[in-house]
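Commentary on secondary and tertiary structure
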Amino acid sequence: MDAEHMGADLDEILFTEEDIRQRLGELAEQVWQDYADKDVLLVGVLRGAIMVMADFMRALPGSVEMDWMAVSSYGSGTKSSGVVRILKDLDTDISGRHVLIVEDIIDSGLTLSWIRTNLLSRRPASVEICTLLRKPEAAKVEIDVRYVGFEIPNAFVVGYGLDFDEKYRNLRVIGTLAPHVYS
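Residues numbered from 1 in each chain as written. Predicted model: local features only at pLDDT ≥ 70, side-chain atom pairs only at ≥ 80, totals over all residues. Heavy atoms only, no water.

Digging into the overall build of the protein chain
- Assigned secondary structure in the protein chain consists of 4 helices and 9 strands.
- For the protein chain, the sequential pattern of α-helices and β-strands runs β-α-β-α-β-β-β-α-β-β-β-β-α.
- Since a compact globule built from 183 residues should have a radius of gyration of about 16 Å, the 16 Å found for the protein chain is in line with a globular shape.
- Along the three orthogonal principal directions, the C-alpha set of the protein chain runs to about 50 × 35 × 25 Å.
- Across the 183 residues that make up the protein chain, the buried fraction comes to 48%.
- Accessible surface for the protein chain amounts to roughly 9100 Å². Of this, 46% is attributable to carbon and sulfur atoms. (Helix = DSSP H or I, 4+ residues; strand = E, 2+ residues; numbered from the N terminus. Rg over C-alpha atoms; globule rule 2.2 N^0.38 Å. Buried < 20%, exposed > 50% of the residue type's maximum accessible area, 1.4 Å probe, protein only. Areas by Shrake-Rupley, 256 points an atom, 1.4 Å probe, with all protein chains shown as cover.)

Here we look at the pairing of strand β7 (residues 147-151)
- Burial analysis of β7 places 4 of its 5 residues in the buried class, the great majority of the element.
- Two elements, strand β6 (residues 126-134) and β7, share 4 bridges in a ladder whose sense is parallel. From the neighbouring strand, Leu 133 faces β7, where its bridge partner is Phe 150. (Pairing = 2+ DSSP bridges.)

A look at the environment of Glu 142
- Mapped onto the secondary structure, Glu 142 falls in the loop between β6 and β7.
- Relative accessible area serves as the criterion here: at 80%, Glu 142 is assigned to the exposed category.
- Glu 142 sits 32 residues away from Leu 110 along the chain, and the two C-alpha atoms are 9.1 Å apart.

Focus: helix α3 (residues 110-120)
- Restricting attention to buried positions, one finds in α3 the residues Thr 111, Leu 112, Ile 115, Asn 118 and Leu 119. Around the axis of α3, the buried residues are gathered within 125° of arc, so they sit on the same side.
- For α3, the elements touching its buried residues are β2 (40-46), β3 (65-72), β4 (85-88), β5 (98-106) and β6. (Arc of directions from axis to C-beta. Contact = heavy atoms within 4.5 Å.)

Topic: the side chain of Asp 55
- By the secondary structure assignment, Asp 55 is in helix α2 (residues 50-59).
- With residues near it in sequence (within four places) discarded, Asp 55 still touches Arg 21, Leu 24 and Tyr 160.

Some details on the packing of aromatic side chains
- This model, assessed by the stated rule, comprises 4 aromatic pairs.
- Here the aromatic cluster, defined as three or more aromatic residues joined through ring pairs, consists of Phe 156, Phe 164 and Tyr 182. (Phe/Tyr/Trp six-rings, centres within 6.5 Å; stacked < 30°, edge-to-face > 60°.)

Looking at the sheet that holds strand β8 (residues 157-158)
- Read from one edge to the other, the open sheet built from 3 strands follows the order β1-β9-β8, with strand pairing classed as antiparallel. Each edge of the open sheet carries a strand with a single partner, namely β1 (10-15) and β8.

Quick word on the pattern of salt bridges
- Scanning all chains against the criterion turns up 16 salt bridges.
- As a salt-bridge pair, Lys 135 and Asp 107 come within 3.3 Å of each other at their nearest N and O atoms. Of the two residues, Lys 135 sits in the loop between β6 and β7 while Asp 107 sits in the loop between β5 and α3, which places them 28 residues apart along the sequence. Accessibility classification places Lys 135 together with Asp 107 in one group, the buried group.
- Measuring nitrogen to oxygen at the nearest pair gives 3.1 Å for the salt bridge that ties Arg 169 to Glu 166. (Salt bridge = Lys/Arg side-chain N within 4 Å of Asp/Glu carboxyl O.)

Some remarks on the sheet that holds β5
- If you walk across this open sheet you meet the 6 strands as β4-β3-β2-β5-β6-β7, and the pairing is mixed. The sheet terminates laterally at β4 and β7, the two strands that pair on one side only. Each strand axis lies, on average, 30° off the axis of its neighbour in the sheet, ignoring direction.
- Each of β5, β6 and β7 touches helix α1 (residues 17-34); the most contacted strand, β7, lies at about 160° to it. (Axes fitted to C-alpha atoms, helices over the stretch in contact; angles between N-to-C directions.)

Next comes the structure, spelled out in C-alpha coordinates:
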(Lines give C-alpha, C1' and ligand atoms only; values in the text may rest on other atoms or scores of the structure.)
Protein backbone atom coordinates (compact mmCIF):
# COMPACT_ATOMS: atom_id res chain seq x y z
CA MET A 1 0.00 0.00 0.00
CA ASP A 2 1.31 3.44 -0.90
CA ALA A 3 0.94 6.50 1.35
CA GLU A 4 -1.44 8.17 -1.11
CA HIS A 5 -3.97 5.37 -0.39
CA MET A 6 -4.06 6.37 3.28
CA GLY A 7 -6.14 9.49 2.78
CA ALA A 8 -6.39 11.47 6.01
CA ASP A 9 -5.30 8.50 8.17
CA LEU A 10 -1.61 9.44 7.92
CA ASP A 11 -0.37 12.71 9.43
CA GLU A 12 3.27 12.60 8.34
CA ILE A 13 5.71 10.30 6.56
CA LEU A 14 8.77 9.78 8.77
CA PHE A 15 10.72 7.34 6.58
CA THR A 16 10.37 6.29 2.98
CA GLU A 17 10.85 2.75 1.74
CA GLU A 18 14.30 3.75 0.47
CA ASP A 19 15.27 5.32 3.84
CA ILE A 20 14.31 2.09 5.60
CA ARG A 21 16.15 -0.24 3.22
CA GLN A 22 19.28 1.89 3.28
CA ARG A 23 19.38 1.95 7.08
CA LEU A 24 18.69 -1.80 7.33
CA GLY A 25 21.58 -2.35 4.92
CA GLU A 26 23.88 -0.33 7.16
CA LEU A 27 22.74 -2.29 10.22
CA ALA A 28 23.22 -5.60 8.38
CA GLU A 29 26.78 -4.66 7.46
CA GLN A 30 27.56 -3.77 11.09
CA VAL A 31 25.95 -6.98 12.40
CA TRP A 32 27.80 -9.09 9.85
CA GLN A 33 31.13 -7.66 10.98
CA ASP A 34 30.29 -8.13 14.67
CA TYR A 35 29.10 -11.74 14.25
CA ALA A 36 31.48 -12.84 11.46
CA ASP A 37 32.93 -15.79 13.39
CA LYS A 38 29.93 -16.58 15.59
CA ASP A 39 26.99 -18.95 15.37
CA VAL A 40 24.21 -16.36 15.33
CA LEU A 41 20.47 -16.93 15.36
CA LEU A 42 18.14 -14.10 14.40
CA VAL A 43 14.93 -14.11 16.45
CA GLY A 44 12.07 -12.09 15.02
CA VAL A 45 9.14 -10.94 17.08
CA LEU A 46 5.89 -11.55 15.22
CA ARG A 47 4.05 -9.89 13.61
CA GLY A 48 5.51 -6.44 13.35
CA ALA A 49 9.08 -7.54 12.66
CA ILE A 50 8.24 -9.54 9.53
CA MET A 51 9.11 -6.74 7.10
CA VAL A 52 12.18 -5.70 9.07
CA MET A 53 13.47 -9.27 9.34
CA ALA A 54 12.93 -9.99 5.64
CA ASP A 55 14.76 -6.91 4.40
CA PHE A 56 17.44 -7.13 7.11
CA MET A 57 18.22 -10.76 6.22
CA ARG A 58 18.35 -9.98 2.50
CA ALA A 59 20.90 -7.24 3.25
CA LEU A 60 23.23 -9.66 5.08
CA PRO A 61 26.09 -10.80 2.84
CA GLY A 62 25.93 -14.42 4.06
CA SER A 63 23.60 -17.04 5.44
CA VAL A 64 22.16 -16.99 8.95
CA GLU A 65 19.40 -18.91 10.67
CA MET A 66 16.21 -17.38 11.97
CA ASP A 67 13.37 -18.30 14.28
CA TRP A 68 10.27 -16.50 15.49
CA MET A 69 8.45 -15.70 18.70
CA ALA A 70 4.97 -14.29 18.95
CA VAL A 71 4.02 -12.44 22.10
CA SER A 72 1.09 -10.28 23.03
CA SER A 73 1.09 -7.19 25.20
CA TYR A 74 -1.03 -4.69 23.26
CA GLY A 75 -4.38 -6.22 22.45
CA SER A 76 -6.12 -3.70 20.20
CA GLY A 77 -4.93 -0.60 22.04
CA THR A 78 -2.13 1.84 21.32
CA LYS A 79 -0.07 1.31 24.50
CA SER A 80 1.64 -1.80 25.83
CA SER A 81 -0.12 -3.38 28.81
CA GLY A 82 3.19 -4.70 30.15
CA VAL A 83 1.63 -8.15 30.64
CA VAL A 84 3.28 -10.52 28.17
CA ARG A 85 1.88 -13.79 26.87
CA ILE A 86 3.86 -16.14 24.60
CA LEU A 87 1.65 -17.05 21.66
CA LYS A 88 4.41 -18.87 19.71
CA ASP A 89 7.71 -19.91 21.21
CA LEU A 90 11.00 -20.61 19.46
CA ASP A 91 11.44 -23.92 17.67
CA THR A 92 15.25 -23.71 18.06
CA ASP A 93 17.34 -24.58 21.10
CA ILE A 94 19.36 -21.42 21.76
CA SER A 95 21.71 -22.75 24.45
CA GLY A 96 25.25 -21.74 23.54
CA ARG A 97 24.07 -19.69 20.54
CA HIS A 98 24.50 -15.98 19.92
CA VAL A 99 20.95 -14.60 19.67
CA LEU A 100 20.08 -11.35 17.94
CA ILE A 101 16.51 -10.26 18.58
CA VAL A 102 15.18 -8.38 15.55
CA GLU A 103 12.38 -5.94 16.37
CA ASP A 104 10.35 -3.40 14.48
CA ILE A 105 9.97 -0.90 17.33
CA ILE A 106 10.87 -0.40 20.97
CA ASP A 107 8.28 1.69 22.73
CA SER A 108 8.05 1.29 26.51
CA GLY A 109 10.63 -1.51 26.45
CA LEU A 110 8.50 -3.63 28.79
CA THR A 111 7.77 -6.41 26.30
CA LEU A 112 11.30 -6.55 24.94
CA SER A 113 12.80 -6.56 28.44
CA TRP A 114 10.60 -9.55 29.27
CA ILE A 115 11.58 -11.36 26.04
CA ARG A 116 15.28 -10.74 26.65
CA THR A 117 15.06 -12.04 30.23
CA ASN A 118 13.14 -15.08 29.02
CA LEU A 119 15.74 -15.86 26.34
CA LEU A 120 18.66 -15.33 28.75
CA SER A 121 17.16 -17.99 31.03
CA ARG A 122 17.74 -20.51 28.21
CA ARG A 123 21.55 -20.10 28.51
CA PRO A 124 22.53 -18.65 25.13
CA ALA A 125 26.09 -17.41 24.54
CA SER A 126 24.68 -13.87 24.23
CA VAL A 127 21.49 -11.96 23.55
CA GLU A 128 21.62 -8.64 21.70
CA ILE A 129 18.89 -6.48 20.19
CA CYS A 130 18.47 -4.89 16.78
CA THR A 131 15.49 -2.62 16.21
CA LEU A 132 14.43 -0.49 13.29
CA LEU A 133 12.76 2.15 15.51
CA ARG A 134 13.17 3.27 19.11
CA LYS A 135 11.14 5.84 21.04
CA PRO A 136 13.47 7.06 23.81
CA GLU A 137 10.78 9.32 25.34
CA ALA A 138 8.40 6.38 25.78
CA ALA A 139 10.86 4.11 27.63
CA LYS A 140 9.63 2.78 30.97
CA VAL A 141 12.58 0.46 31.51
CA GLU A 142 16.25 0.77 30.65
CA ILE A 143 17.15 -1.70 27.92
CA ASP A 144 20.47 -2.06 26.18
CA VAL A 145 19.92 -1.99 22.42
CA ARG A 146 23.04 -2.67 20.38
CA TYR A 147 21.67 -1.77 16.94
CA VAL A 148 19.14 1.02 16.36
CA GLY A 149 17.89 2.08 12.94
CA PHE A 150 16.14 5.33 13.82
CA GLU A 151 15.10 7.12 16.98
CA ILE A 152 11.64 8.62 16.68
CA PRO A 153 9.38 10.88 18.76
CA ASN A 154 6.72 9.42 21.02
CA ALA A 155 4.01 9.25 18.36
CA PHE A 156 1.87 6.37 17.14
CA VAL A 157 3.46 5.08 13.94
CA VAL A 158 2.28 2.62 11.32
CA GLY A 159 3.59 1.01 8.17
CA TYR A 160 6.33 -1.42 7.24
CA GLY A 161 4.92 -4.06 9.56
CA LEU A 162 3.70 -1.68 12.27
CA ASP A 163 -0.04 -1.70 12.72
CA PHE A 164 -3.03 -0.23 14.41
CA ASP A 165 -5.65 -2.90 15.12
CA GLU A 166 -4.00 -5.12 12.44
CA LYS A 167 -4.32 -2.45 9.74
CA TYR A 168 -1.62 -0.49 7.84
CA ARG A 169 1.12 -3.17 8.13
CA ASN A 170 1.48 -3.26 4.34
CA LEU A 171 2.16 0.47 4.03
CA ARG A 172 5.58 0.84 2.36
CA VAL A 173 6.59 3.86 4.44
CA ILE A 174 6.56 4.58 8.16
CA GLY A 175 4.37 7.45 9.22
CA THR A 176 2.44 8.87 12.13
CA LEU A 177 -1.16 7.80 12.37
CA ALA A 178 -3.68 10.61 12.58
CA PRO A 179 -5.23 10.80 16.10
CA HIS A 180 -8.80 10.67 14.72
CA VAL A 181 -8.13 7.05 13.67
CA TYR A 182 -7.33 5.72 17.14
CA SER A 183 -9.01 8.14 19.56
